[in-house]
Amino acid sequence: MIKWSIGSSGTPADSYYEVRSDCTDDVPKSKFKIKAGKTLSVRKWQAAFSTDGCLDIASVLSRIQKGGVHPTVRGEVWEFLLGCFDPRSTFDEREEIRQIRRLQYARWKEDCREMDSHVGSGKVITAPLITEDGRPIKDPLVLLEATSSQNTSDSASTSSKNGNVDDSATRITDKHIIDWKLTLHQIGLDVLRTDRTMVFYENKENLSKLWDILAVYAWIDKDVGYCQGMSDLCSPMIVLLKDEADAFWCFEKLMRRLRGNFKCTDQSVGVANQLQYLASIIQVLDPKLHDHLETLGGGDYLFAFRMFMVLFRREVSFGDSLYLWEMMWALEYDPDIFFAACEDASAHKSKISRSKLRGVRHFGKRDKENAKNGAEDTEGPVPISVFMVASVLKEKREKLLLEARGLDDLIRILNDVNGNLDAKKACAGALKLHKKYLRKVQAKKP
Amino acid sequence: MASSRRRTLLKVIVLGDSGVGKTSLMNQYVNKKFSQQYKATIGADFVTKEVLIEDRLVTLQIWDTAGQERFQSLGVAFYRGADCCMLVYDVNAKRSFNALSTWHDEFLTQASPSDPKHFPFILLGNKIDIDAGNKRAIPEKKAKEWCVSKGNIPYLETSAKDDYNVDSAFLCIAKLALEHEHDQDIYFKTITEPATDTAEHTSGCAC
């Protein structure tokens with residue numbers, strides 16, 4: 001399946017993420033191409049390590065910013081980009097950390113399995129296991145069993161008399177456990193609807209991996225638990241990293257950046273913060289557009305909700321969204337990210353001293369701009385994803401100004417980006433807007 | 001008023017628990033397609049379809065929303081100006097039936113229509129195709145009782161997969177909405193169109 005290509009025309013990255021033949025019309029076409037001399041290749045990646053394993057992250061970052069990461073090394077590269085490892089560590093140190101993490105994941109998974117035997121069983125639950133007041137439900141609907149591989153139908157249930165409260169079983173009283181159990185079927189419903197156009201998920205084991213990781217995550221992050229959209233964020237990790245525990249840790253690192261979006265109350269959703277950032281940026285960069293949106297009742301920018309929640313997973317093809325993500329992470333790369341990630345899990349903190357990295361700051365491009373302009377001194381940098389959305393709005397500006405007469409038109413016009421968005425253009429656009437924004441903000445300062 | 005062409009626009013909100021088939025029903029109705037590969041709806045999205053009801057051209061603007069309760073605070077923004085509401089549950093999933101009252105009441109609170117007692121609702125019991133009905137968790141009778149308790153809401157059993165009762169369901173709610181508007185003697189919302197004659201707003205949805 002792997003196609004190699006030399007020359008400037010490039011290979012579409014999606015050839016690495018095979019789409020089911022019956023679904024090719026349903027998915028956006030890839031626009032991102034692997035380009036020799038620009039994309040971070042296997043060779044360049046391997047050459048970036050010293051003999052004991054220290055990584056020259058600066059060269060890697062600049063390469064990624066030029067042309068993304070070659071799909072064959074994407075998983076390994078992402079572990080660094082997301083902050084699973086410190087680039088200054090050695091092969092041995094990383095191996096040790098990896099083993100500790102795998103054990104930790106196995107322990108958590110075992111804790112979950114003790115609470116619910118479906119975890120790790122290869123099954124995916126799609127009906128509630130428990131009532132709101134903690135009474136177990138008899139024979140919940142199990143919609144999938146990874147172990148019986150000949151079974152292609154998704155509707156193989158274990159029981160016909162499902163859904164009745166089991167009076168013989170003891171009632172669960174721990175609120176955390178009830179809450180967790182109540183999310184398990186929601187995870188299942190979404191897992192069965194995540195990236196199913198990909199050949200990868202024809203393998204039921206991969207579906208149950210996705211379910212297990214999300215179930216374990218929901219247990220360890222009690223504030224967030226599971227929220228729709230998280231399956232879209234987790235799926236690429238499972239595709240890219242063979243080991244389930246390694247995939248879990250990448251997802252956990254990603255969630256550190258994004259979990260705020262998913263924290264909801266009765267009154268608000270966490271992503272509202274990002275939407276406010278977006279509003280204030282558009283206000284500075286394009287007051288006319290902002291006023292127009294406001295007049296139409298779109299001043300809350302809720303129409304951009306999905307782009308933030310699943311980071312463009314719905315707007316572009318699978319491969320293109322991975323490219324977009326790694327571009328953002330490379331631009332935002334913070335050399336202290338590994339230590340920040342270790343702060344509360346100090347198990348291996350003593351291994352490498354923090355000071356070792358200080359002074360050797362390999363900034364991502366975006367941070368370089370910020371440092372130059374002193375933009376960081378106020379309330380921290382605005383995430384690049386906000387500028388990414390801003391560049392999508394800019395792309396649609398004329399249409400929005402001319403055609404939109406109501407909130408519904410806004411959503412219609414922006415939903416038209418489905419599959420039409422060019423990941424590369426959006427990145428370049430985002431960087432331009434970021435520069436422009438910093439200039440404008442700087443000019444306003446006394 | 002007289003010079004601008006008038007068409008009736010009806011805003012339909014589709015609500016119900018996650019995974020009951022809201023997106024599938026809409027896509028079967030508008031695109032005559034059923035796919036096993038739908039994605040969970042994030043935020044809100046809508047599709048439009050034009051129908052002729054008693055010689056009147058009506059544009060249905062059908063809004064799809066996320067089913068997880070956590071997103072209910074988004075409702076206010078999307079329910080605004082709704083003309084009718086389609087509640088959906090999965091006949092094989094008890095919980096989705098039990099949640100109907102919450103969806104119903106929450107909708108009325110958030111959309112705050114002027115005449116909540118007579119606001120047009122319809123209830124759909126979807127996925128009746130599954131296992132030839134052997135996995136049903138909710139008998140038809142029970143669903144109908146619920147509908148009576150909520151002021152005689154019409155009830156239909158549907159299969160988005162087999163395209164069973166889908167058209168009828170949307171036609172039914174559209175008629176109810178029109179009658180309701182008529183009863184209230186309320187102006188019809190008009191859309192003034194740009195010069196072109198073909199005003200088909202089939203909004204892009206994920207598929």
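Residues numbered from 1 in each chain as written. Chains lettered and ligands numbered in written order. Predicted model: local features only at pLDDT ≥ 70, side-chain atom pairs only at ≥ 80, totals over all residues. Heavy atoms only, no water.

On a plain count of helices and strands, chain B comes out with 6 helices and 6 strands. Shown N-terminal to C-terminal, the secondary structure of chain B runs as helices and strands in the order β-α-β-β-α-β-α-α-β-α-β-α. Of all 207 residues assigned to chain B, the portion counted as buried reaches 55%. The long-range share in chain B, meaning contacts at least 24 apart out of those at least 6 apart in sequence, stands at 75%. Total accessible area computed for chain B in this model is approximately 9,100 Å², and 50% of it derives from carbon and sulfur atoms. (Helix = DSSP H or I, 4+ residues; strand = E, 2+ residues; numbered from the N terminus. Buried < 20%, exposed > 50% of the residue type's maximum accessible area, 1.4 Å probe, protein only. Contact = heavy atoms within 4.5 Å. Areas by Shrake-Rupley, 256 points an atom, 1.4 Å probe, with all protein chains shown as cover.)

With that out of the way, let us pick up the sheet that holds strand 1 (residues 8-15) of chain B. Residues and elements named next belong to chain B. The mixed open sheet is built from 6 strands, whose spatial order is 2-3-1-4-5-6. Two strands close off the open sheet at either side, each with one partner strand: strand 2 (44-53) and strand 6 (155-157). Here the average twist between neighbouring strands, direction ignored, is 25°. Summarising the sheet, strand 2 and strand 3 (residues 56-65) pair through 10 bridges and their orientation is antiparallel. When the bridges of strand 3 are listed, Asp45 appears paired with Asp64. Most of the contacts of helix 1 (residues 22-31) go to strand 3, to which it runs at about 155°, and overall it touches strand 1, strand 2, strand 3, strand 4 (84-90) and strand 5 (121-126). Helix 6 (residues 166-184) rests against strand 1, strand 2, strand 3, strand 4, strand 5 and strand 6 of the sheet, and its axis sits at about 125° to strand 1. (Pairing = 2+ DSSP bridges. Axes fitted to C-alpha atoms, helices over the stretch in contact; angles between N-to-C directions.)

Bringing the interface of chain A and chain B into the picture now. Between chain A and chain B, the residue contacts involve 49 residues of the former and 35 residues of the latter. For the pair chain A and chain B, the two sides together bury roughly 3,500 Å², of which 53% comes from carbon and sulfur. Together, Arg193, Gln228 and Arg314 of chain A form the three largest contributors to the area buried by chain A at its contact with chain B, with a combined 17%. At the junction of chain A and chain B, the tally comes to 2 salt bridges. Arg95 of chain B serves as the salt-bridge partner of Glu132 of chain A, at 2.9 Å between the closest nitrogen and oxygen. Elements with a contribution of two residues or more to the side of chain A that touches chain B: helix 5 (175-191), helix 11 (305-309) and helix 17 (407-415) of chain A. Taken together, the residues that form the side of chain A that touches chain B break down as 17 nonpolar, 18 polar and 14 charged. (Buried area = accessible area lost by both parts, 1.4 Å probe. Salt bridge = Lys/Arg side-chain N within 4 Å of Asp/Glu carboxyl O. Nonpolar A, V, L, I, M, F, W, Y, C, P; charged D, E, K, R; others polar.)

Further remarks concern helix 9 (residues 272-285) of chain A. All names here are of chain A. The terminal C-alpha atoms of helix 9, which comprises 14 residues, lie 20 Å apart, in line with the 20 Å expected from a rise of 1.5 Å per residue. All of the buried residues in helix 9 are Gln274, Leu275, Leu278, Ala279, Ile281, Ile282, Val284 and Leu285. Against helix 8 (244-262), helix 10 (287-295), helix 11, helix 15 (384-395) and helix 18 (423-444) lie the buried residues of helix 9. (Expected span 1.5 Å × (residues − 1).)

This part takes up the environment of Glu332 of chain A. Residues and elements named next belong to chain A. Mapped onto the elements, Glu332 comes out in helix 12 (residues 318-332). Taking C-alpha positions, Glu332 is 10.0 Å from Ser385, a pair spaced 53 residues apart along the chain. Polar contacts involving the side chain of Glu332 include one to the main-chain amide nitrogen of Ile384, which spans 2.7 Å. (Polar contact = N/O pair within 3.5 Å; in protein donor to acceptor, adjacent residues only side chain to side chain.)

Bringing the pattern of salt bridges into the picture now. Residues and elements named next belong to chain A. Counted by the stated rule, this structure contains 34 salt bridges over all chains. With a shortest N-O distance of 2.9 Å, Arg98 and Asp246 are connected by a salt bridge. You can see Arg98 sitting in helix 4 (residues 91-115) and its partner Asp246 sitting in helix 8, a full 148 residues away along the chain. Given the relative accessible area of 8%, Asp246 is considered buried. Members of the salt-bridge network, linked through shared partners, are Glu79, Arg98, Arg102, Asp243 and Asp246.

With that out of the way, let us pick up a positive patch on the surface. Residues and elements named next belong to chain A. A cluster of basic residues, Lys435, Arg439, Lys440 and Lys444, forms a positive patch on the protein surface. With respect to the secondary-structure elements, Lys435 resides in helix 18. Residue class for Lys435 comes out partly exposed when judged on its relative accessible area of 44%. (Patch = residues over 30% accessible without salt bridge, like charges linked within 9 Å, V, L, I, M, F, W, Y side chains within 5 Å. Lys, Arg positive; Asp, Glu negative; His and termini not counted. Charge placed at Lys NZ, Arg CZ, Asp CG, Glu CD.)

Attention now goes to the confidence of the model for chain B. All names here are of chain B. In the predicted model, chain B carries a mean pLDDT of 86, and 86% of its residues have values of at least 70. Counted against residues more than four places away or in other chains, residues 1-5, with its pLDDT under 50, gives 6 contacts. Across residues 186-207 the pLDDT falls below 50, and counting only partners more than four positions away or on other chains, this stretch makes 47 contacts in the model. Quick note on the complex model: pTM equals 0.87, ipTM equals 0.85. (pLDDT = per-residue confidence, 0-100.)

Let us look at the domain arrangement of chain A. Residues and elements named next belong to chain A. Here the domain parsing of chain A yields domain 1 (11-93), domain 2 (94-149 + 158-257) and domain 3 (271-346 + 357-370 + 382-443). With 27 residues of domain 1 at the contact, the number on the domain 3 side is 28 residues. Summed over both partners, the interface of domain 1 with domain 3 buries about 2,500 Å², with 67% contributed by carbon and sulfur atoms. The three residues of domain 1 that bury the most area against domain 3 are Lys31, Gln65 and Trp78, which together make up 25% of that side's buried surface. (Domains from an automatic or database assignment.)

Attention now goes to the environment of Lys175 of chain A. Residues and elements named next belong to chain A. Assignment of secondary structure puts Lys175 in helix 5. The sequence separation of Lys175 and Glu132 amounts to 43 residues, and the corresponding C-alpha distance is 9.7 Å. A polar atom in the side chain of Lys175 sits 2.8 Å from the side chain of Asp179.

Our next topic: unusual backbone geometry. Residue and element names in this part refer to chain B. If you check the backbone angles, Lys32 has positive phi at about 50° while not being a glycine. Tracing the backbone shows Lys32 in the loop between helix 1 and strand 2. Taking the relative accessible area as the measure of exposure, Lys32 reaches 42% and is therefore partly exposed.

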